[in-house]
Amino acid sequence: MQYGNFRKDGKEYIIENVATPRPWINYLYNEAYFSTISNNGGGISYHKYPLHGRITRYRINDVPYDRPGKYIYIKDDDTGEIWSLTWQPVGRHLEAYRVTHGFGYTRVTAKVEGIDSDVLFFVPLDEQMEIWKTVLRNDTNRIRNLSIFSYVEFSLGHALIDLINQCDDQHFNRVYFDEKLNSLFATKTYWVTENTGTQQQENKAWDQWVFFTSNHPIVSYETLRERFIGPYRNEQNPIAIERGILSCKDTDFGNAVGALHVKAQIKPGDRAEVVFYLGIIPKPKFEDRKTSYVRKYHDINKIDAALSRINDKWKNMFSHVTVQTPDESTNIFLNYWTPYQARVAFDVGRVASFYYWGISRGFGFRDMAQDTLAVTIAEPDRAKERISLLARQMFRTGRVYHHFYRDGQGETTRHCDDPLWFILAVTDYIKETGDFSILEQVEPYVDDGEGTIRHHLASILGFVENNLGKHHLPIFGRGDWNDTLDYIGGDTGGESVWGGMFYVVMLNHLMELLQQIDDQETYQRTEKIRDKIRDAVDRYCWDGEWFIRAFGANDIKIGSKGNKYGKIFLNTQTWAVISQISSRDRLLTAMDSVKKYLDTKFGPKICAPAYRDIDPNIGLITRCVAGKKENAAVFCHPTTWTIQAECMMGRGNQAYTYYKKLLPNSVDSDIYQSEPYVYPQYVTSDEHETAGMASHSWQTGTAAWMYRVAIDYILGIRATYHGLLVDPVVPSHWREFSIERDFRGTRYIVHVKNPDGIERGIKAVYVEGHKIDSNILPISHEPMCKVDVMMG
């Protein structure tokens, strides 16, 4: 069943059948104010953190789901007809609605009861508020008298406390209407800043006031859910709207809501512009700012200008890399939707979505380190800020918080991989910018004193030295990248073969950096550790056709042909290639085994066969249903590494086959269910009856990695310390493609021809018409540099 398509130029996704299998959402936000919006008006709003700064409620996995949201109801005062300007929550006139998700905005149009409606949702770049701009046009030959009701349900502060302690927490809600300012204000007199459910009483109030207002005079208002919805009802049929009037009562307890009622009389052919504004004002600035703030965007021209600035922001973001390939879907995703998703994940921190409540954990260290890949090219200053933030989550031993909050709180675990992702973030930034000065930047440790970024890198080296087991491989602890291999080796932890490969890759990055700064002493120390791990993997971990995944208790092999389940794992084949840890023959055999034993019509499985018996000596993966999540799903994040590995082996056809399989619009939406314009965390594999069903969309490292793997390895234009390396690995049917990429102040315009239809190989490189002897483009000091590449 077809639900929607990209606009021809790829810059919007248009949903024409809004009864999608699941809510298909978008993110509207700036640096401090975040909002999600689905195709049917569901979503949350929060200030800075979804746990501590929740503005509105959202009940994940509710029945019906995608409730509550940001709703606008219409009641025809003459006929009594009621509908909503998004298909839900009223749920009538399905065929009348159309939703357009763009970059930083969502538009919902409809034609119901002779009224054409257009609602634009967005968050201005410079203010902590969201705008719902509504245009109503009378397409009948009679005057229309309409009541317009806007509605949100408040959370007001700590979202977890609001969820688990509602019976007590709602006694601290305060909502009142200010007639002079034509605005409703809400806050909470009690606020918890701990990161878990707690009985600790911090004796302070939430530090924000919420406001909800309109550019039209408010006729009536409501502050309590029970009065608005009514008993034994829901958002589909609120009793207050049937009555046509709200109570106009403030509240000092209960389930707080904001409901505003305005009226519009529209002559035939005329239109009314009704705007609702939801936002926050810090309490210390409340009295000084409230008047100007609630009225700031009452001028419609200011709203249009604010939207224009959002469009300019994303246009600039996308402009730093543009591609033109023979495949339209590839162009749409690489030019727009993949960098968009990657940037959203970077900014949101992977903590809030349709699937994640944003209340169970903080920001993931390795998540945020990898997500720097999304912004290093376009906004290196943001990557630099992120590196500084990550450095502040490190202990002198090199261990880091696995999850952390920006207020200094965090959680330590025994994951063996977390610290080394910091090396990737630092080296990728320096290659892109040439800014070695970051190494001398001083940041505090969590536990003791401070040190430069260079000192932090040395601390990680110490962590590696102290975290190797009997085979000279990383001690698993409570997991590596795969969190569900959390009891390998029992309480003491087994050894991670993937971790060994990963350590080699990151230590290689570190050694390359140390060469650039001529630190021979640390280089030799790093090389010694790297060689010990590399040799151990090649000596102990080859299983005949592939590399094993781990050693468990008593040296039991995990990911071996001798196992009943989980015989082969994806990551130890792909990272064997990325680390170049063994002979080419072994690496080719390992990647052939990926295709033979793991590949499906939806992409390669993370392992196979799926576990179907619980094994407490392996962990959570064996408790998960077969074919989903880490238990043999097509896990999208590691598939990006599969594509990189195939490119490194020179197999462009196979790399691009995996790339195309994973494109979100490549599977029928009734099977896929998740949004067809962004990557999910995983796709159910052929080991489950719901094969092809995707889940956990948006907040995944897939987008950042897929973007960079496609640019750096398929199109083959990637940064080095000395210039841009040109090394495309493409499908043989691509006879030419082009890419424009900004690098250190120069716009490189690269045109690649492939007349013989090969997958890899360069015959000649011309820079401004002059042939060069290398495939590393020299750093230019001109604003533009034209490059022609002939494969052969």
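Calculation rules
- Residues numbered from 1 in each chain as written.
- Predicted model: local features only at pLDDT ≥ 70, side-chain atom pairs only at ≥ 80, totals over all residues.
- Heavy atoms only, no water.
- Pairing = 2+ DSSP bridges.
- Helix = DSSP H or I, 4+ residues; strand = E, 2+ residues; numbered from the N terminus.
- Axes fitted to C-alpha atoms, helices over the stretch in contact; angles between N-to-C directions.
- Patch = residues over 30% accessible without salt bridge, like charges linked within 9 Å, V, L, I, M, F, W, Y side chains within 5 Å.
- Areas by Shrake-Rupley, 256 points an atom, 1.4 Å probe, with all protein chains shown as cover.
- Salt bridge = Lys/Arg side-chain N within 4 Å of Asp/Glu carboxyl O.
- Expected span 1.5 Å × (residues − 1).
- Buried < 20%, exposed > 50% of the residue type's maximum accessible area, 1.4 Å probe, protein only.
- Arc of directions from axis to C-beta.
- Contact = heavy atoms within 4.5 Å.
- Parallel < 35°, antiparallel > 145°, perpendicular 65-115°, else oblique.
- Left-handed = near helix turned anticlockwise from the far one by under 90°.
- Nonpolar A, V, L, I, M, F, W, Y, C, P; charged D, E, K, R; others polar.

Participant: Looking at this model, I keep getting lost on the sheet that holds strand β36 (residues 717-720). Mind explaining?
Facilitator: Backbone hydrogen bonds hold the strands of a sheet together, and the pairing may be parallel or antiparallel. Within the open sheet, the 3 strands sit side by side as β36-β37-β42. Their pairing is antiparallel. Whereas interior strands pair on both sides, the edge strands pair on one side only; in this sheet they are β36 and β42 (776-778). Going across the sheet, the axis of each strand differs from the next one's by a mean of 35°, ignoring polarity. Bridge count between β36 and strand β37 (residues 723-726): 4 bridges; the pairing is antiparallel. In the strand pairing of β37, Arg 718 is matched with Leu 725.

Participant: Help me out: how do you make sense of a nonpolar patch on the surface in this one?
Facilitator: On the surface, a nonpolar cluster with roughly 260 Å² of combined accessible area is contributed by Leu 163, Ile 164 and Trp 357. Relative to the helices and strands, Ile 164 is located in helix α1 (residues 159-164).

Participant: How should the sheet that holds strand β21 (residues 363-364) be read in this particular structure?
Facilitator: Read across the sheet, 3 strands follow the order β21-β22-β23 without closing on themselves; strand pairing throughout is antiparallel. One side of each edge strand has no neighbouring strand; the edge strands of this open sheet are β21 and β23 (410-411).

Participant: Before we go on, may I ask you to explain helix α15 (residues 584-598) in this structure?
Facilitator: Within an α-helix, residues lying three or four positions from one another point in the same direction, as the helix has 3.6 residues per turn. The end-to-end C-alpha distance of α15, which contains 15 residues, comes to 20 Å, matching closely the 21 Å that a straight helix rising 1.5 Å per residue would cover. Among the residues of α15, those classed as buried are Leu 587, Ala 590, Met 591, Ser 593, Val 594 and Leu 598. Down the axis of α15, the sector holding all buried residues measures 145°, keeping them to one side. Seen from the buried face of α15, the exposed residues on the opposite side, beyond 90 degrees, are Asp 585 and Lys 596.

Participant: Just to check I follow, could you spell out the environment of Arg 350 for this structure?
Facilitator: Relative to the assigned elements, Arg 350 resides in the loop between α7 (328-348) and β21. Measuring from C-alpha to C-alpha, the distance between Arg 350 and Thr 526 comes to 32 Å, with 176 residues separating the pair along the chain. In contact with Arg 350, other than residues within four places in its own chain, are Ala 345, Arg 361, Asp 367, Gln 370, Asp 371, Gln 699, Thr 700 and Gly 701.

Participant: Help me understand the packing of helix α9 (residues 380-391) against helix α10 (residues 421-433), please; the structure alone is not making it clear to me.
Facilitator: Helix-helix packing is characterised by the crossing angle of the two axes and by the distance between the axes. The interhelical angle for the contact between α9 and α10, taken along N-to-C directions, is 150°, at an axis separation of 10 Å. When the interaxial angle is binned, α9 and α10 end up roughly antiparallel. As α9 packs across α10, the resulting crossing turns out to be left-handed. Contacts between α9 and α10 involve Pro 380, Ala 383, Lys 384, Ile 387, Leu 390 and Ala 391 from the first element and Phe 422, Ala 425, Val 426, Tyr 429 and Thr 433 from the second. Split into classes, the residues belonging to the contact of α9 with α10 amount to 9 nonpolar, 1 polar and 1 charged.

Spatial relationships are all this shows, so hold off on functional conclusions.
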